[in-house]
Amino acid sequence: MTEVRYRGTKVVVVSPDYADNTKFADEWMAPQAGTDAALAMAMGHVILKEFYLDREVPFFTDFAKRYTDLPFLITLVDSQDGTGLVPGKFLTAADLPGHEDEADAAWKTVLLDAGTGEPVVPNGSIGFRYNSADEGRWNLDLGSVDPLLSANDGGGVAPPSHVAEVMLPCFEAADGSGSVLRRGVPVRMVAGKTVTTVFDLMLAQHGVARPGLPGEWPAGYDDASVPYTPAWQEGITNVPMAQCLRVAREFAKNAEDSNGRSMVIMGAGICQWFHGDVTYRAVLSLLLLTGSMGRNGGGWAHYVGQEKTRPLTGWVSLANGLDWSRPPRTMTGTSYWYMHTGQWRNDGYSAASLASPLSEGNLDGMHTADAIAQSARLGWMPFYPQFDRSPLDIADEARAAVDTGVAETEAAYVAAQLKAGTLHSAIDDIDAPENWPRTLVLWHSNLLGSSAKGNEYFLKNLLGTHNNVMGSELESQMPHPRDVAWRDETPEGKLDLLMSADFRMTSTTLLSDVVFPAATWYEKHDLSSTDMHPYVHAFSPAIDPPWETKTDFDMFHLLAQELSRQARTHLGTRRDLVTVPLQHDTPGQIAQPGGVVRDWRDPEVPAVPGVTMPQVAVVERDYTAIGEKIAAIGPLARDKGFTVKNVTFELGHTLDRLAGFNGVMSHGAAAGLPAIDTDAKLAEAILAFSGTTNGELAVQGFRDLERRTGRRLADLAEGSEEKAIRFADTQAAPVPVITSPEWSGSETGGRRYAPFTINVERLKPWHTLTGRMHFFLDHDWMRDLGEALPIYRPPLDMHRLFGEPRLGQDGMEVTVRFLTPHSKWSIHSEYQDNLFMLSLSRGGPTCWMSAEDAAAIGVEDNDWIECVNANGVFVGRAIASHRMPVGVVYVYHAQERTIDVPKSEATGRRGGIHNSATRLLVKPTHLIGGYAQLSYAFNYLGPTGNQRDMVSTIRKRSQEVTY
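Rules behind the numbers
Residues numbered from 1 in each chain as written. Predicted model: local features only at pLDDT ≥ 70, side-chain atom pairs only at ≥ 80, totals over all residues. Heavy atoms only, no water. Helix = DSSP H or I, 4+ residues; strand = E, 2+ residues; numbered from the N terminus. Rg over C-alpha atoms; globule rule 2.2 N^0.38 Å. Buried < 20%, exposed > 50% of the residue type's maximum accessible area, 1.4 Å probe, protein only. Contact = heavy atoms within 4.5 Å. Areas by Shrake-Rupley, 256 points an atom, 1.4 Å probe, with all protein chains shown as cover. Lys, Arg positive; Asp, Glu negative; His and termini not counted. Charge placed at Lys NZ, Arg CZ, Asp CG, Glu CD. Phe/Tyr/Trp six-rings, centres within 6.5 Å; stacked < 30°, edge-to-face > 60°. 1 Å grid on protein atoms, 1.4 Å probe; cavity = no way out; pocket = protein on both sides within 12 Å on 5 of 7 lines; lining within 4 Å. Points joined across faces, edges and corners; volume = space filled by probe spheres on them. Nonpolar A, V, L, I, M, F, W, Y, C, P; charged D, E, K, R; others polar. Pairing = 2+ DSSP bridges. Expected span 1.5 Å × (residues − 1). Axes fitted to C-alpha atoms, helices over the stretch in contact; angles between N-to-C directions. Parallel < 35°, antiparallel > 145°, perpendicular 65-115°, else oblique. Left-handed = near helix turned anticlockwise from the far one by under 90°.

### Quick look at the overall build of the chain
Next, step 1: Summing up its helical and strand segments, the chain has 27 helices and 29 strands in all.
Next, step 2: Relative to a compact globule of 963 residues, whose C-alpha radius of gyration would be 30 Å, the chain shows 28 Å and is just as compact.
Next, step 3: Overall, the chain is about 80 × 70 × 65 Å in size when its C-alpha atoms are taken along their principal axes.
Next, step 4: Each of the 963 residues in the chain was classed as buried or not, and the buried ones make up 59%.
Next, step 5: In the chain, the proportion of contacts linking residues at least 24 apart, taken out of those at least 6 apart, comes to 73%.
Next, step 6: By element, 52% of the accessible surface of the chain is carried by carbon and sulfur atoms, the whole surface being about 36000 Å².
Next, step 7: Positive and negative charge centroids in the chain, built from 85 and 118 side chains respectively, lie 2 Å apart.

Shown next, in the form of structure tokens:
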């Protein structure tokens, strides 16, 4: 930050506290915790008014027309109660006479041409991506079409016949309850439907008035009574109106003057709020409106939480064993643990309690557990276990049904059994013993001392050990699910075996049945890379693993070999039935047109694998050969290649080269196949199979993409065909990567990575419904939660939803927001337990609080306090600091039970960790799938682990502590 300031960049830090980066900033905006979206919406109000309406900035409007969904048409439909119009769905080619018979017409979105005023189906939407008839048209080339941003193409006052009032949801109330805004938009009649543009809806959503439009509009920037003005946000965020105005203008003017070199850098904070997704959308809107995406020096730069490895194809393919069998099993961790640790049982709100007042009722009567169950059965997100009995046995039953003519295919058999109710999803009775997780293997994962949100529920329900869950007596009073079975007795101790591999004694290893001594990073070969820097690095051992320690690689190979030995007696070769969600970057993401919820449990909806439910596959597994297979590259790499983002990399030549580098296996199931029987050889293979580190594959992948897009792309990697980054190269020095279709940014010519530069400069579509960056999301669940457009939603009201105390002081207790930022005195959850770090961090658990909150309850700096809520208790020393805002405390993460944790007065047990006062919450919209960009993929999309909305009651405790 200091360096960019020397080069003329103005740095504005947005943070509720005086954070470490604030001292490097030119300006500090300090919104109340969790209210960033209100500030962003008000800044968007200013940008739309001053840079789109008061005067047109051609750079902005040209960018919006070509690269965003702003000109696309949205139908206006009657609200559920019939009191007015609401935004409906994208208009598609299937709605237009003469277009309805086109290939994938329901996936081709429509806009108006300024030259003719007629509807046009432009290239680039997802409907052009997969079918053979449209090969070469999946691109953003508009040809002679000039998209209309507004349905009022003439400017000025729209005639009354071309105007409609729409109802839009709003959530400005502090308790999160919704209200309705009425605002006018210009409209057109197209194919018998009333339509407007996303741009018109954005102006209405942000409260930017235009002449002649009906509705409730603010009188000006200083009107605090109407969302989303600068004065309105001041009452929510405490950011002064004048500062909001000034920074918004400067942000947009800089983008105008520099052609989009305004940047937003986001850390972990926003994504860990329950409504972090809508906050992201409100903030990212500022970049889209100012043409700042896909620009070096501009755009969105994340710091944490979304990283991906650079040699993506090699890593994801080998990590999932795609060289030996397909499809793999992958799972979203948040929903898995939410269900299997019983946190759903203590969840006091229903999915519908989050709904918009304009909801059409798709989530009515549903608990969050029901939403997860429906998402799984509709093929949106995975869930495991899949069924209430072994998938090996079901595969045998399905084969027998096919052999006897009872079913046409195994998939059809499974669908029929589910539809008939003779086969059940495991999640339908998740607490039944046959559906419990029984074995858990962790390596270099301090689950129970760092990352387990709702830590005490893990201890109680998963492990069945001592815990500080405080709300157990309320469990039976919580709302019960509609579809997921409720058992009166809470299961405890589900796991039979917990194995850990770690080089430290952590809270997790203390609770493990078996602990494997693990090597550190300095005792093994490995690769390090993320999208945040342009190099691939190597880990190289300084010494061999000491004593009995093993590298991750060796440990898993030894386990695989032992499993294979025992499988000769217990398993042999079996056929396994695997259900797979409708995945991103596959035709599965265009399986459910319109984002309409069609549940096959409805008698009128058929259960069709890959359409209304997950895809169903049968995989043959030779369990006796796992130990041999894990040590070699399997035959599917040569036969089918590796596919990432719907680009298939052909690996024949690469495999021949790799066999020369690594040698081949001499016997067994892997005889004659390239060896990856050491960690160094595995690193070599990952590099060989990725376009970012193998120029031959990058060029081949781009040429494959050229056929689909009709755009020139291969030149971005041409000249690198002979470049193959070897593991030895990364050991000698960090090596810059190659521009590849695995990534959206061009690094050709020494440029540094910036996302979406290929999309902007080469007109390659984004992998979205329209092929552009989206402001509007029209899935049924998005509309029902009121989040079709960018919006502000306040932090969850934990009193209204969970019965926690209200925020504020009550006698000698104060209830505050309980936030758990990343630690400053460790590397993630490691290396905090040494003298230097302990000295800097006061040597044990601490809780940062404002001087005002501390004084209100008689707490002085370094006093022992307790933080208590229904989830558990945290005991630590208070750090009373002027940097902290009133009403918020920070308990930095990775303060685990191993260092200076006394017993709690509230429970008499050891006083917890930072995640003892948190819990898992799952937002239903994060479970959407099978719909264009809202589709599951490994390490791409799924529910987030959020814990920032938690509140805790703080009180001073006796200063005489015991351990």
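### Here's the deal with the packing of aromatic side chains
Next, step 1: Applying the stated criterion to the full structure yields 29 aromatic pairs.
Next, step 2: When the ring of Y67 is compared with that of W766, the centres are 6.1 Å apart and the planes differ by 70 degrees; the resulting orientation is edge-to-face. Taken as a pair, Y67 in helix 3 (residues 58–67) and W766 in the loop between helix 23 (757–762) and helix 24 (780–784) lie far apart in primary sequence, 699 residues in all. This pair shows no difference in class: Y67 is buried, exactly as W766 is.
Next, step 3: Aromatic pair W848 and Y892: ring centres 6.3 Å apart, planes at 85 degrees, arrangement edge-to-face. Here W848, found in strand 25 (residues 846–850), pairs with Y892, found in the loop between strand 28 (888–890) and strand 29 (951–956); they are 44 residues apart in sequence, far enough to count as distant.
Next, step 4: Taking relative accessible area as the criterion, W848 reaches 13% and is therefore assigned buried.
Next, step 5: With a relative accessible area of 4%, Y892 lands in the buried category.
Next, step 6: Taken together, the ring pairs connect F51, Y52, F59, F60 and F199 into an aromatic cluster.

### Points about the layout of surface pockets
Next, step 1: Its boundaries defined by the atoms lining it, the second largest pocket holds a volume of some 500 Å³.
Next, step 2: As for the second largest pocket, its lining consists of 28 residues, of which A33, A174, P795, L807 and R817 are closest to the centre.
Next, step 3: Counting residues per element, the ones that place at least two in the lining of the second largest pocket are helix 25 (798–802) and strand 24 (813–819).
Next, step 4: Looking at the lining of the second largest pocket residue by residue, the class counts come to 16 nonpolar, 6 polar and 6 charged.

### What to know about the sheet that holds strand 17 (residues 535–539)
Next, step 1: Spatial ordering of the open sheet is given by 16-17-22, a layout of 3 strands whose pairing is antiparallel. At either margin of the open sheet sits one strand with a lone partner, and together these are strand 16 (526–528) and strand 22 (735–736).
Next, step 2: Pairing analysis gives 3 bridges linking strand 16 to strand 17, with the strands arranged antiparallel. Bridge pairing in strand 17 places L527 opposite A538.

### Section: helix 2 (residues 36–53)
Next, step 1: If you check helix 2, its first and last C-alpha atoms are 25 Å apart, about what 18 residues at 1.5 Å a residue would give, namely 26 Å.
Next, step 2: Helix 2 sits mainly inside the fold: 16 of its 18 residues count as buried.

### Remarks on the packing of helix 19 (residues 652–662) against helix 20 (residues 679–688)
Next, step 1: At a minimum axis distance of 11 Å, the contact between helix 19 and helix 20 shows a crossing angle of 160 degrees. Taken together, helix 19 and helix 20 sit at an angle that is classed as roughly antiparallel. As for how helix 19 packs across helix 20, the hand of that crossing is right-handed. Every residue of helix 20 that contacts helix 19 at T654, L658, F661 and N662 is listed here: K681, E684, A685 and A688.

### Thoughts on the packing of helix 8 (residues 312–319) against helix 20
Next, step 1: Where helix 8 contacts helix 20, the axes come no closer than 6 Å and their chain directions differ by 125 degrees. As judged from the angle between their axes, helix 8 and helix 20 are oblique. Facing helix 8, whose interface residues are G314, W315 and L318, helix 20 presents L682, A685 and I686.
Next, step 2: Here the residues of the contact of helix 8 with helix 20 sort into 5 nonpolar, 1 polar and no charged.

### What about the sheet that holds strand 15 (residues 514–517)?
Next, step 1: The 3 strands are arranged 13-14-15 in an open sheet whose pairing can be described as parallel. Of all strands in the sheet, those bounded by a partner on one side alone are strand 13 (439–443) and strand 15. Between one strand and the next, the sheet's axes are offset by a mean angle of 15 degrees, whatever the strand orientation.
Next, step 2: Judged from the 5 bridges that link them, strand 13 and strand 14 (residues 497–502) form a sheet pairing that is parallel. By the bridge assignment, L440 is partnered in strand 14 with L498.

### Structural notes on the environment of G269
Next, step 1: Mapped onto the elements, G269 comes out in the loop between strand 11 (263–266) and helix 7 (276–289).
Next, step 2: Once the C-alpha coordinates of G269 and K253 are considered, the two residues, 16 residues apart in sequence, prove to be 27 Å apart.

### Comments concerning helix 6 (residues 241–258)
Next, step 1: Between its first and last C-alpha, helix 6 extends 26 Å over 18 residues, near the 26 Å set by a 1.5 Å rise per residue.
Next, step 2: Looking at the residues trailing helix 6, positive phi occurs at N259, about 60 degrees.

### Section: the pairing of strand 7 (residues 163–170)
Next, step 1: Of all 8 residues that make up strand 7, 7 are buried, and the element is covered over most of its length.
Next, step 2: Sheet analysis places strand 7 next to strand 8 (residues 179–186), joined by 8 bridges and oriented antiparallel. Along strand 8, the bridge assignment pairs P169 with V180.

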